[in-house]
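The primary structure of each chain is shown beneath.
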Amino acid sequence: MDADSVEKAAGTLLDAYASGTPLPPLTASYPDMSVADAYAIQFAQVSAWTSDGARIKGHKVGLTSAAMQRQLGVDQPDSGVLLDSMFLPENTPIDHGRFLQPRVEPEVAFVLGRPLRGPGVTAADAVAAVDFVLPALEVIDSRIADWRIALADTIADNASSGGVVLGTSPARLDAVDLVLGGCLLHRDGELIDTGAGAAVLGSPVNALVWLANVLGERGEGLEAGHVVLPGSITAAVPAAPGDVFTATFAGIGSVTARFGRERA
């Protein structure tokens, strides 16, 4: 894709945010769109947001579990940017209308204590850079109608980012088992799914390594204080107005996201 096509595609996604109307898949309009093209479209949107005053507070890795790859029909991870406006307070009603077609995912969030930049980042480097972990619920969303996305679509759409709710019970890495530690996901008090950290590329640490190295190849890095979402432990669950989701992680604690009801 040439520069004009990248800017045009980014503009259509930005318009979808503003209008609340999902788009047809970008890959239908740009069938030759590559992964590199898709990240260029993502970068164009991030540049527009930061030019308007938004701040980058972290990154997310998506499509790291077999369940999510099957659900969305892709075969590799992707990454996106977390802006300050995406962080939502726990237990405060979330405006469902700010999203187009939200789904919820339980994740273990890494909070970095030092910068991490690839290429060449190892698992040992990644572990050394983590200050603590928090329980998290990510709200993924898509500006593509009916979630009819190929890999390039979701990358261009900032890895289907929407929002994130962080819990307030920090845990050190040496106090938790990120591989075998389990997660229970409840909706309105009913258990709807379970999983363990191994679902995320064998370990959430592997997702952090992948992210640092991929960003490094693009000349970018992770900064101290950044939040990194490594990917969902379970399949994503659609969220409706009034839904209350709670994710409980072994050794870490729980986090709750409450969606406000639509006004009559």
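Shown above is the structure to which this text applies.
The rules we used
Residues numbered from 1 in each chain as written. Predicted model: local features only at pLDDT ≥ 70, side-chain atom pairs only at ≥ 80, totals over all residues. Heavy atoms only, no water. Helix = DSSP H or I, 4+ residues; strand = E, 2+ residues; numbered from the N terminus. Rg over C-alpha atoms; globule rule 2.2 N^0.38 Å. Buried < 20%, exposed > 50% of the residue type's maximum accessible area, 1.4 Å probe, protein only. Contact = heavy atoms within 4.5 Å. Pairing = 2+ DSSP bridges. Axes fitted to C-alpha atoms, helices over the stretch in contact; angles between N-to-C directions. Phe/Tyr/Trp six-rings, centres within 6.5 Å; stacked < 30°, edge-to-face > 60°. Salt bridge = Lys/Arg side-chain N within 4 Å of Asp/Glu carboxyl O. Expected span 1.5 Å × (residues − 1).

Caption draft 1: Here's a closer look at the overall build of the protein chain. Helix and strand content of the protein chain: 7 helices and 12 strands. A compact globule built from 264 residues would reach a C-alpha radius of gyration of about 18 Å, and the protein chain, at 17 Å, matches this within 12%. Its C-alpha atoms give the protein chain principal-axis dimensions of roughly 55 × 50 × 35 Å. The buried share of the protein chain, reckoned over its 264 residues, is 53%.

Caption draft 2: Spotlight on the environment of P238. With respect to the helices and strands, P238 occurs in strand β10 (residues 237-238). Sequence separation of P238 and L211 is 27 residues, and the distance between their C-alpha atoms is 26 Å. If sequence neighbours within four positions are ignored, P238 has contacts with P102, R103, R187, D243 and F245.

Caption draft 3: Fine view of the pairing of strand β12 (residues 253-258). Judged from the 6 bridges that link them, strand β11 (residues 244-249) and β12 form a sheet pairing that is antiparallel. Within β12, the position partnered with A247 by the bridge is V255. The antiparallel hairpin formed by β11 and β12 contains 3 residues in its connecting segment, where G251 sits at a positive phi of about 80 degrees.

Caption draft 4: Focus on the sheet that holds strand β8 (residues 190-196). If you walk across this open sheet you meet the 4 strands as β8-β7-β11-β12, and the pairing is antiparallel. Looking at which strands have only one partner, the edges of the open sheet turn out to be β8 and β12. Sheet twist, expressed as the mean angle between neighbouring strand axes with direction ignored, is 15 degrees. Of the strand pairs in this sheet, strand β7 (residues 182-187) and β11 are connected by 5 bridges, and their pairing is antiparallel. For H186, the partnering residue across the bridge sits in β11 and is T246.

Caption draft 5: Here's a closer look at the packing of aromatic side chains. If you walk through the whole model with that rule in mind, you get 2 aromatic pairs. Here the aromatic rings of Y17 and W49 are separated by 5.4 Å at their centres, their planes lie at 85 degrees, and the arrangement is edge-to-face. Residue Y17 is found in helix α1 (residues 3-19), and its partner W49 is found in helix α3 (residues 35-51); the two are separated by 32 residues along the sequence. By relative accessible area, which is 31% here, Y17 ends up partly exposed.

Caption draft 6: Examining the pattern of salt bridges more closely. Enumeration according to the criterion identifies 6 salt bridges in this entry. Here R55 and D84 are joined by a salt bridge, their closest N and O atoms 3.5 Å apart. Of the two residues, R55 sits in the loop between α3 and β1 (56-62) while D84 sits in the loop between β2 (78-83) and β3 (87-88), which places them 29 residues apart along the sequence. Residue D84 is classed as partly exposed on the basis of its relative accessible area of 27%. R143 serves as the salt-bridge partner of D141, at 3.5 Å between the closest nitrogen and oxygen. Of the two residues, D141 and R143, neither departs from the other in class, the shared state being buried. When salt bridges that share partners are traced, they join D141, R143 and D157 into one network.

Caption draft 7: Representation of α3. Over its 17 residues, α3 runs 24 Å from end to end, which matches the ideal 24 Å to within 8%, given 1.5 Å per residue. Restricting attention to buried positions, one finds in α3 the residues D37, A38, Y39, I41, Q42, A44, Q45, V46 and W49. Tucked inside the fold, the buried residues of α3 contact α1, β1, β2, α6 (151-156) and α7 (204-217). Within two residues after α3, G53 carries a phi angle of roughly 110 degrees, on the positive side.

In short, geometric facts, not functional conclusions.
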